[in-house]
Amino acid sequence: MTIRTLIDQLIDREGGYVDHPADRGGATRWGITAAVARANGYQGAIRDLPQAVAADIYERVYWQAPGFDQVATRAPALAAELFDTGVNMGTATAIGFLQRALNALNRDARDYPDLALDRTIGARTLAALDAFLAHRGRGGEAVLVKAVDALQGERYLSLAERRPADEAFLYGWLAGRVA
């Protein structure tokens, strides 16, 4: 699956213009907030954000910049999950979920050393992912996806518990974002 396919699927899920009163991020178009659009050079009204601009932001900011493209060469399903999680929760959070899962699955550092939870994809995180996949095989990728999903689901529940207004989004988050 290509990044453009992932972006098209994401845009379909996110829909067009949305301005939910309980959403702290404010109005979005194609899932892109005004703040993110502005930070990436868009100056128009968020309601008018072209889909092509949103797609470009997704590819540059949420795929290439965090290094999910590098993960995709090793574990495409995992990269797709990290991309979706990163769009919804921030790329650093998605990477943190991956690093936590890799640390918990390294059999007490016998398969590879523990990672610093620096929430960046660098040489050590990629080496740990490579070692994990070498020890666990392709089935290991599915386990990592489940681990990231589990962490994501727990975070959604915590958000709704801490901020009752987020209960308006919890069902959709769990239904559409956690496998």
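Refer to the preceding data block for the structure.
A. Representation of helix H1 (residues 3-14). Given a rise of 1.5 Å per residue, 12 residues ought to cover 16 Å, and the 16 Å separating the end C-alpha atoms of H1 matches this to within 8%. If you check which residues of H1 are buried, you get Ile-3, Leu-6, Ile-7, Leu-10 and Ile-11. Down the axis of H1, the buried side of the element spans an arc of 135 degrees, and every buried residue falls inside it. Contact partners of the buried residues in H1: helix H3 (51-64), helix H5 (76-89) and helix H9 (167-177). With its phi angle positive at about 80 degrees, Gly-15 sits one or two positions after the end of H1.

B. View of the sheet that holds strand E2 (residues 28-29). Taken in spatial order, the 3 strands line up as E1-E2-E3 in an open sheet, and their pairing is antiparallel. Lying at the two open borders of the sheet, with one neighbouring strand each, are strand E1 (17-18) and strand E3 (32-33). Here 2 bridges tie E2 to E3, and the two strands are oriented antiparallel to one another. Counterpart to Thr-28 in the pairing with E3 is Thr-33.

C. Representation of the environment of Arg-155 in the model. Positionally, Arg-155 belongs in helix H8 (residues 139-162). Considering only alpha carbons, one finds Arg-155 and Met-89, 66 residues apart in sequence, at a separation of 9.3 Å. With residues near it in sequence (within four places) discarded, Arg-155 still touches Met-89, Thr-93 and Phe-97.

D. How the structure looks around the packing of aromatic side chains. Inspection of every chain in the model, using the stated rule, returns 3 aromatic pairs. Pairing Trp-63 with Phe-83 gives two aromatic rings, centres 5.8 Å apart and planes at 85 degrees, and the pair type is edge-to-face. Of this pair, Trp-63 sits in helix H3 while Phe-83 sits in helix H5, and the two are 20 residues apart along the sequence. In this structure an aromatic cluster arises from ring pairing among Tyr-58, Tyr-62, Trp-63 and Phe-83.

E. Molecular detail of the side chain of Asp-84. Mapping Asp-84 onto the fold places it in helix H5. Excluding anything up to four places from it in sequence, Asp-84 contacts Leu-10, Arg-13 and Arg-177.

F. Up close: the nonpolar core. Counting 55 residues, the largest nonpolar core has Tyr-58, Leu-78, Phe-83 and Leu-102 as its most contacted members. Contributions of two or more residues to this core are made by H1, H3, helix H4 (68-72), H5, helix H6 (91-104), helix H7 (123-136), H8 and H9. For this core, the element with the most residues is H8, which contributes 8 residues. Setting aside its immediate chain neighbours within four residues, Phe-83 contacts Ile-3, Leu-6, Ile-7, Leu-10, Tyr-58, Tyr-62, Trp-63 and Phe-68.

G. A look at the packing of H7 against H8. Interaxial distance between H7 and H8 falls to 7 Å at its minimum, and their mutual angle equals 125 degrees. As the angle between them shows, H7 and H8 are arranged oblique. Across the interface between the two elements, Leu-129, Phe-132, Leu-133 and Arg-136 of H7 pack against Gly-139, Gly-140, Glu-141 and Leu-144 of H8. Of the residues contributing to the contact of H7 with H8, the split by class is 4 nonpolar, 2 polar and 2 charged.

H. Representation of unusual backbone geometry within the structure. Unlike most non-glycine residues, Arg-107 shows phi in positive territory, near 50 degrees. Along the chain, Arg-107 falls in the loop between H6 and H7. The exposure class of Arg-107 is partly exposed, given its relative accessible area of 39%. Its identity is not glycine, yet Asp-108 carries a phi of approximately 55 degrees, on the positive side. Within the secondary structure, Asp-108 sits in the loop between H6 and H7.

I. Representation of the environment of Asp-118 within the structure. Looking at where Asp-118 falls in the secondary structure, it is placed in the loop between H6 and H7. Here Asp-118 falls in the partly exposed class, since its relative accessible area comes to 45%. Separated by 22 residues in the primary sequence, Asp-118 and Gly-96 place their C-alpha atoms 7.2 Å from one another.

The rules behind the values
- Residues numbered from 1 in each chain as written.
- Predicted model: local features only at pLDDT ≥ 70, side-chain atom pairs only at ≥ 80, totals over all residues.
- Heavy atoms only, no water.
- Helix = DSSP H or I, 4+ residues; strand = E, 2+ residues; numbered from the N terminus.
- Expected span 1.5 Å × (residues − 1).
- Buried < 20%, exposed > 50% of the residue type's maximum accessible area, 1.4 Å probe, protein only.
- Arc of directions from axis to C-beta.
- Contact = heavy atoms within 4.5 Å.
- Pairing = 2+ DSSP bridges.
- Phe/Tyr/Trp six-rings, centres within 6.5 Å; stacked < 30°, edge-to-face > 60°.
- Core = buried A, V, L, I, M, F, W, Y, C linked by side-chain atoms within 4.5 Å.
- Axes fitted to C-alpha atoms, helices over the stretch in contact; angles between N-to-C directions.
- Parallel < 35°, antiparallel > 145°, perpendicular 65-115°, else oblique.
- Nonpolar A, V, L, I, M, F, W, Y, C, P; charged D, E, K, R; others polar.

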